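# Structure assessment
Each chain, written out:
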Amino acid sequence: MSDGHAWEGNIKARLYERVRERGYNSLTAFAEARPTASLLALADELGPEDIAAVQVFSGLVAEAERSSKVTRLVRGQLVRELFQRLPNGWPAVLDDENRLKVAVALGTWTAYSPETHKERVRRIGDALLATPPPPGWRPLGPDDELLLTLLPDEEA
């Protein structure tokens, strides 16, 4: 976790230098090779002392916008949140404890969604609560069949 040095110097240059050092030509390629890693884990891998999770996400959004793949990024972020918050997959019963875990995952996903997708993300969250996926559902990447049904690619 960054201790404050993340905001010093040329942030973008440092971020992309670290990505290239690891053999990737983009931040997206680096992140997609780790589809279930949290943003914090990605930041820590790139530089625990001087890279922040929000910087990773900002870079991912910029790349997604340039490549017209924002919807894929949004699906991928849901995978990251669910993997972190629901390690055993979607709960079979939405009792108070599990409802809180699901709410935190969906709320964090909403918070990390670009403004262009927030309303769709909220509707999908409501749909998942109203009609839950199968117990144990745990998407492992943005191309999960259910995720593609809920949030299909629309960009040109």
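Just so we're clear, the structure is a prediction, and the values are computed from it rather than from any experiment. (Residues numbered from 1 in each chain as written. Predicted model: local features only at pLDDT ≥ 70, side-chain atom pairs only at ≥ 80, totals over all residues. Heavy atoms only, no water.)

### As for the overall build of the protein chain
Within the protein chain one finds eight helices and zero strands. Starting at the N terminus and walking to the C terminus, you meet the elements of the protein chain as α-α-α-α-α-α-α-α. The C-alpha radius of gyration of the protein chain comes to 16 Å, within 12% of the 15 Å expected for a compact globule of 156 residues. In terms of its C-alpha atoms, the protein chain occupies a principal-axis envelope of roughly 45 × 35 × 25 Å. The proportion of buried residues among the 156 residues of the protein chain is 46%. Across the protein chain, the fraction of contacts at a sequence separation of at least 24, relative to all contacts at a separation of at least 6, is 67%. Carbon and sulfur atoms provide 54% of the accessible area of the protein chain, an area that totals close to 8200 Å². (Helix = DSSP H or I, 4+ residues; strand = E, 2+ residues; numbered from the N terminus. Rg over C-alpha atoms; globule rule 2.2 N^0.38 Å. Buried < 20%, exposed > 50% of the residue type's maximum accessible area, 1.4 Å probe, protein only. Contact = heavy atoms within 4.5 Å. Areas by Shrake-Rupley, 256 points an atom, 1.4 Å probe, with all protein chains shown as cover.)

### So, the nonpolar core
Soluble, globular proteins show a tendency: their nonpolar side chains are buried together. Counting 36 residues, the largest nonpolar core has Leu27, Leu46, Val56 and Trp109 as the members making the most contacts within it. Elements with a minimum of two residues in this core: α1 (11-21), α2 (27-32), α3 (39-46), α4 (53-66), α5 (70-85), α6 (96-111) and α7 (118-130). (Core = buried A, V, L, I, M, F, W, Y, C linked by side-chain atoms within 4.5 Å.)

### Examining the packing of aromatic side chains
Scanning the entire structure with this criterion turns up three aromatic pairs. Ring centres of Phe57 and Tyr112 lie 5.0 Å apart, and the angle between their planes is 70 degrees; on these two criteria the pair is classed as edge-to-face. With Phe57 in helix α4 and Tyr112 in the loop between α6 and α7, the pair connects residues that are 55 residues apart, well separated along the chain. Ring geometry for Trp90 against Trp137: centres 6.3 Å apart, planes inclined by 50 degrees, an arrangement best described as tilted. A residue pair is termed long-range when its members are at least 10 positions apart, and Trp90 in the loop between α5 and α6 and Trp137 in the loop between α7 and α8 (145-150) qualify at 47 residues. In this arrangement the basic side chain of Arg138 is found over the ring face of Phe83, its NZ or CZ atom lying 3.7 Å from the centre. (Phe/Tyr/Trp six-rings, centres within 6.5 Å; stacked < 30°, edge-to-face > 60°. Lys NZ or Arg CZ within 6 Å of the ring centre and 35° of its normal.)

### Quick look at the side chain of Thr108
Its location among the elements puts Thr108 in helix α6. Not counting residues within four places of it along the chain, the set of residues in contact with Thr108 comprises Glu81 and Arg85.

### Looking at the packing of α4 against α5
Relative orientation of the contacting elements α4 and α5 amounts to 145 degrees, with a least axis distance of 8 Å. Listed contacts from α5 to Phe57, Leu60, Val61, Ala64 and Glu65 of α4 are Val70, Leu73 and Gln77. Of the residues assigned to the contact of α4 with α5, the class counts are six nonpolar, one polar and one charged. (Axes fitted to C-alpha atoms, helices over the stretch in contact; angles between N-to-C directions. Nonpolar A, V, L, I, M, F, W, Y, C, P; charged D, E, K, R; others polar.)

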